[in-house]
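A closer look at the structure
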Amino acid sequence: MPTSLCGTWDMISNVNFEGYMSALGISAYLRKIALKLKLRKVIEQQGDQYIIKTLSTFRNYTISFKTGQEFEEFTKGLDNRHIKSTVTCQGNKLMCEQTGEKTNRGWTHWVEGDKLHLELYCEGEVCKQVFKKNVSE
């Protein structure tokens, strides 16, 4: 199992988000809005069940899954695709492989010190986001 990812995390950096969104086919209009957002992640865990909420002033997205089990995901409000996802624990990382019409797609979460790292990838584009734990919650 990875180091505890649980808690509330506020974004402090976001590198190549536009490239990643472009690879997903997200419109230029929505990319401009998304680039201005400061995201918050809320991660909860009960055994091998995770709930990850991505919150912003524009849209919220929640995903719930059990590690090691493939599940159907509808990326509503993101790129609006039906995909199949499988999340596994590999060392200290939570890794997701997503299959659908976009190739080489997925994400990886891990904690280093007091920071949550997230790499999002799709068709050769990689976005690197870093979040700092919100200690007031």
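Relevant structure appears above.
The text that follows walks through the structure, step by step, so that each part is easy to find. Each chain has its residues counted from 1, running along the sequence as written. pLDDT decides what is reported in this predicted model: residues at 70 or higher carry local features, side-chain atom pairs at 80 or more are listed and counted, and totals for whole chains, interfaces and linings draw on all residues regardless. As a rule here, side-chain values cover all heavy atoms of the structure and leave hydrogens and water aside.

**Observations concerning unusual backbone geometry**
In the Ramachandran plot, N104 falls in the positive-phi region, its phi being about 50° despite a non-glycine side chain. Helix and strand definitions here come from DSSP, where helices need a minimum of 4 consecutive H or I residues and strands a minimum of 2 consecutive E residues; each element is numbered from the N-terminal end. By the secondary structure assignment, N104 is in the loop between β7 (93-99) and β8 (105-112). Residues other than glycine seldom take positive phi values, yet E123 does so here, at roughly 45°. Looking at the secondary structure, you find E123 in the loop between β9 (115-122) and β10 (125-133).

**A closer look at the environment of D79**
Tracing the chain through its elements places D79 in the loop between β5 (71-74) and β6 (82-90). Taking the C-alpha atoms as reference, D79 lies 7.0 Å from G25; in sequence the two are 54 residues apart. A polar contact of 2.8 Å, which involves the side chain of D79, links it to the side chain of R81. There is a polar contact of 2.8 Å between the side chain of D79 and the side chain of R105. Pairs of N or O atoms are called polar contacts if they sit within 3.5 Å, as long as, within protein, a hydrogen donor faces a hydrogen acceptor (for residues adjacent in sequence, only side-chain-to-side-chain pairs).

**Brief notes about helix α1 (residues 17-24)**
Per-residue accessibility, obtained with a 1.4 Å probe over protein chains only, is compared with the maximum for each type, and a residue is labelled buried under 20%, exposed over 50%, and partly exposed between these values. When you tally the buried positions in α1, you get 6 out of 8 residues, the bulk of the element. Residues of α1 that are buried: F17, G19, Y20, M21, A23 and L24. In the stretch just after α1, G25 is the one whose phi turns positive, near 85°.

**Brief notes about the pattern of salt bridges**
Note on definitions: salt bridges are taken to be side-chain nitrogens of Lys or Arg within 4 Å of carboxyl oxygens of Asp or Glu. Applying the stated criterion across every chain yields a total of 11 salt bridges. E18 is the salt-bridge partner of R31, the closest N and O atoms lying 3.6 Å from each other. Of this pair, R31 sits in helix α2 (residues 28-35) while E18 sits in helix α1; the two residues are 13 residues apart in sequence, bridging distant segments of the chain. Residue classification places R31 among the buried positions, given a relative accessible area of 15%. By relative accessible area, E18 is classed as partly exposed at 39%. In this structure, the salt-bridge partner of D79 is R105, at a minimum N-O distance of 2.8 Å. Of this pair, D79 sits in the loop between β5 and β6 while R105 sits in strand β8, and the two are 26 residues apart along the sequence. In terms of burial, D79 and R105 fall into one category: buried. Linked through salt bridges whose partners overlap, the residues forming this network are D79, R81, E101 and R105.

That's the geometry; what it means functionally is another story.
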